[in-house]
Amino acid sequence: MKRVGVLALQGDFAKHRAVMESLGAIAVEVRKPEDLALCDALILPGGESTSILKQMRFIGLDEAIVNFAKTKPLFGTCAGLILISSQIVGDAMIPLGILDVSVERNAFGRQNDSFKAPIFVDLGPSEKSNCEAMFIRAPRIRTVGKDVKVLASYEGEPILVRQGPHLGATFHPELTDCLAIHQYFLRLLSLCH
Ligand code: GLN
């Protein structure tokens, strides 16, 4: 059975854990570098990216995740996407530089501007899904590198992207009934092993 780590320093890790368990994976809460040794993949949840990054740096999880990502898949959602991006527009924060996208934090506005919208997700020829996406103080993806594939867009802008085994979403797939994206991540993981 696949063991999926969920970064559990702050934010919405419990929901990701529950979704992974409902899909038959073993979820491992990751709080320190050693925990990664137990994982075949890692989800970085939404939350507050500045707080998560500060804690990651303090315990050395930043470097450990960069190394982990050389051979194992990551899935960053919302703040998690910000953390694994390569650049944050208009912000002094230096992300981990794993996914070749630039992002702008809080680019849809404040907490009150959070919203849910129908989206169409293209996960391959026989895997197209209509889903709902929750955007909570969400970032916007401003640029994507040449090796980055866009799997879903909202109003013409990328919101779900893949680069090799890594996935990034500007929204919260763990908060709606749409399991297709987590299932897709588990399939990416199987391809890596
Ligand atoms: N606004 C948060 C940040 O910049 C992200 C919000 C979220 O993860 N829902 O870190």
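Since we're looking at a predicted model, the values are computed, not measured.

Draft legend 1. Region of the structure containing the pattern of salt bridges. All told, the structure shown has 13 salt bridges when counted by the stated rule. Linking Glu21 and Arg17 is a salt bridge whose minimum nitrogen-to-oxygen distance equals 3.1 Å. Taken together, the residues Glu21 and Arg17, both in helix α1 (residues 13-22) and 4 residues apart, mark about one turn of the helix. The class for Glu21 is partly exposed, based on a relative accessible area of 39%. With a shortest N-O distance of 3.1 Å, Arg105 and Asp91 are connected by a salt bridge. With Arg105 in the loop between β6 (99-104) and β7 (115-122) and Asp91 in the loop between β5 (85-88) and β6, the pair connects residues that are 14 residues apart, well separated along the chain. Taking the relative accessible area as the measure of exposure, Arg105 reaches 17% and is therefore buried. Since its relative accessible area comes to 31%, Asp91 is described here as partly exposed. Residues joined by salt bridges that share partners form a network here, namely Arg17, Glu21, Glu29 and Arg31.

Draft legend 2. Broad picture of the pairing of strand β1 (residues 3-7). Counted residue by residue, β1 has 4 buried out of 5 residues, so it is predominantly covered. Relative to strand β2 (residues 26-30), β1 is paired through 5 bridges, and the arrangement is parallel. Along β2, the bridge assignment pairs Gly5 with Val28. As a crossover connection, the stretch from β1 through α1 into β2 is right-handed.

Draft legend 3. Local environment of α1. Regarding α1, the residues found buried are Phe13, His16, Val19 and Met20. All buried residues of α1 fall inside an arc of 125° around its axis, so they share one side. Summarising the contacts, the buried residues of α1 are in contact with β1, β2, β3 (41-44), β4 (74-77) and α5 (180-191).

Rules and cut-offs
Residues numbered from 1 in each chain as written. Predicted model: local features only at pLDDT ≥ 70, side-chain atom pairs only at ≥ 80, totals over all residues. Heavy atoms only, no water. Salt bridge = Lys/Arg side-chain N within 4 Å of Asp/Glu carboxyl O. Helix = DSSP H or I, 4+ residues; strand = E, 2+ residues; numbered from the N terminus. Buried < 20%, exposed > 50% of the residue type's maximum accessible area, 1.4 Å probe, protein only. Pairing = 2+ DSSP bridges. Right-handed = clockwise from strand over helix to strand, strands pointing away. Arc of directions from axis to C-beta. Contact = heavy atoms within 4.5 Å.

Remember, this is a structural readout, not a statement about activity or role.
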